[in-house]
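Here is what each chain is made of, one letter per residue.
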Amino acid sequence: MASTTPEKHVYSVWALPPDDVTPRLKKLMEGLRAEFNGPYFDPHITVVGAITLTPEDALNKFKTASQAVKAYEAKVESVATGTFFYQCVFLLINPTPQVVEASASCCGHFGYNSSTPYMPHLSLLYADLSDEDKKKAQEKASILDESIASLSFPVTRLALYKTDTEDKTLKSWEKIAECTLQPN
């Protein structure tokens with residue numbers, strides 16, 4: 001008997017930087033990839049981490065979650081490095097109440113429970129680098145864009161992405177939906 005269970009995929013919700021900031025971030029990301037390799041991905045702040053859902057469920061939850069979140073300001077605190085592939089070099093975002101609440105609200109709608117506290121960040125480079133190379137990449141980011149650590153921008157759009165975290169080429173990652181947030 002054929003299974004009627006809908007196929008499930010891994011999804012994430014991303015906050016997207018505005019169109020006038022995206023080229024600056026992409027240029028910085030390209031500069032880092034040129035030296036340290038790593039796959040291409042769109043600039044984003046993860047709001048809801050990887051969660052497995054059916055396509056219909058993911059879309060419905062995304063629409064509901066997006067309606068509950070108002071636009072907010074994202075302010076970069078520093079260029080930082082992490083301990084794994086998806087947090088190699090990133091811009092640490094100030095965890096203001098609005099930033100944290102946007103994630104908490106969306107996570108609630110998705111039924112997503114993180115095992116770690118929310119650390120808002122905008123990744124610049126996905127790679128498995130030695131600590132020494134991470135430090136070089138961190139320094140390179142500050143050289144490529146000297147004022148990046150003082151960047152501030154409004155988050156007015158959320159996007160639902162299909163993000164198979166097993167695919168480190170990211171070739172299977174795709175945007176499924178996008179919505180504009182209500183002004184604050």
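Each value, and the rule that gives it
Residues numbered from 1 in each chain as written. Predicted model: local features only at pLDDT ≥ 70, side-chain atom pairs only at ≥ 80, totals over all residues. Heavy atoms only, no water. Helix = DSSP H or I, 4+ residues; strand = E, 2+ residues; numbered from the N terminus. Rg over C-alpha atoms; globule rule 2.2 N^0.38 Å. Buried < 20%, exposed > 50% of the residue type's maximum accessible area, 1.4 Å probe, protein only. Contact = heavy atoms within 4.5 Å. Axes fitted to C-alpha atoms, helices over the stretch in contact; angles between N-to-C directions. Left-handed = near helix turned anticlockwise from the far one by under 90°. Nonpolar A, V, L, I, M, F, W, Y, C, P; charged D, E, K, R; others polar. 1 Å grid on protein atoms, 1.4 Å probe; cavity = no way out; pocket = protein on both sides within 12 Å on 5 of 7 lines; lining within 4 Å. Points joined across faces, edges and corners; volume = space filled by probe spheres on them. pLDDT = per-residue confidence, 0-100. Expected span 1.5 Å × (residues − 1).

### Notes on the overall build of the protein
The secondary structure content of the protein amounts to 4 helices and 8 strands. The linear arrangement of helices and strands in the protein, starting from the amino end, is β-α-β-α-β-β-α-β-α-β-β-β. Against the globule reference of 16 Å for 184 residues, the protein gives a C-alpha radius of gyration of 16 Å, in line with a compact fold. For the protein, the C-alpha atoms occupy an extent of roughly 55 × 45 × 30 Å along the three principal directions. Out of the 184 residues in the protein, the part that is buried amounts to 47%. In the protein, the proportion of contacts linking residues at least 24 apart, taken out of those at least 6 apart, comes to 79%.

### Concerning the packing of helix H2 (residues 55-67) against helix H3 (residues 97-110)
Packing of H2 against H3 leaves a shortest axis separation of 9 Å and a crossing angle of 145 degrees. Between H2 and H3 lies a crossing of right-handed hand. Seen from H2, the contacting residues are Ala-58, Lys-61, Phe-62, Thr-64 and Ala-65; seen from H3, they are Cys-106, His-109 and Phe-110. Grouping the amino acids of the contact of H2 with H3 by side-chain chemistry returns 5 nonpolar, 2 polar and 1 charged.

### Looking at the environment of Ser-172
Along the chain, Ser-172 falls in the loop between strand S7 (157-162) and strand S8 (174-180). Of the residues examined, Ser-172 reaches a relative accessible area of 34% and is grouped as partly exposed. When neighbours within four sequence positions are excluded, Ser-172 is seen to be in contact with Lys-162, Asp-164 and Asp-167.

### Brief notes about the packing of helix H1 (residues 22-36) against helix H4 (residues 131-144)
Contact geometry for H1 and H4: axes closest at 10 Å, N-to-C directions at 145 degrees. Judged by the twist between their axes, the crossing of H1 over H4 is right-handed. On H4, the residues that touch Leu-28, Gly-31, Leu-32, Glu-35 and Phe-36 of H1 are Asp-133, Lys-136, Ala-137, Lys-140, Ala-141 and Leu-144. Looking at the contact of H1 with H4, its residues break down into 6 nonpolar, 1 polar and 4 charged.

### What about the side chain of Ser-123?
Relative to the assigned elements, Ser-123 resides in strand S5 (residues 121-125). According to the relative accessible area criterion, Ser-123 is buried, its value standing at 2%.

### A short note on the layout of surface pockets
Space inside the largest pocket adds up to approximately 670 Å³. Lining the largest pocket are 29 residues, and of these Thr-46, Gly-49, Gln-87, Tyr-112 and His-121 lie nearest its centre. Breaking the lining of the largest pocket down by element, the ones donating at least two residues are strand S1 (9-16), strand S2 (45-53), H3 and S5. Counting residues per element, the lining of the largest pocket draws most heavily on S2, at 5 residues. Of the residues in the lining of the largest pocket, the class split is 16 nonpolar, 13 polar and no charged.

### Some thoughts on the confidence of the model for the protein
Per-residue pLDDT for the protein has a mean of 89; in total, 97% of the residues score no lower than 70. Mean pLDDT across the elements of the protein bottoms out in S2 (88) and peaks in strand S6 (residues 152-155) (95).

### Side note on H1
Between its first and last C-alpha, H1 extends 21 Å over 15 residues, near the 21 Å set by a 1.5 Å rise per residue. Considered for burial, the residues of H1 that qualify are Thr-22, Leu-25, Leu-28, Met-29, Gly-31, Leu-32, Arg-33 and Phe-36. The secondary structure elements touched by the buried residues of H1 are strand S4 (89-93), S5 and H4.

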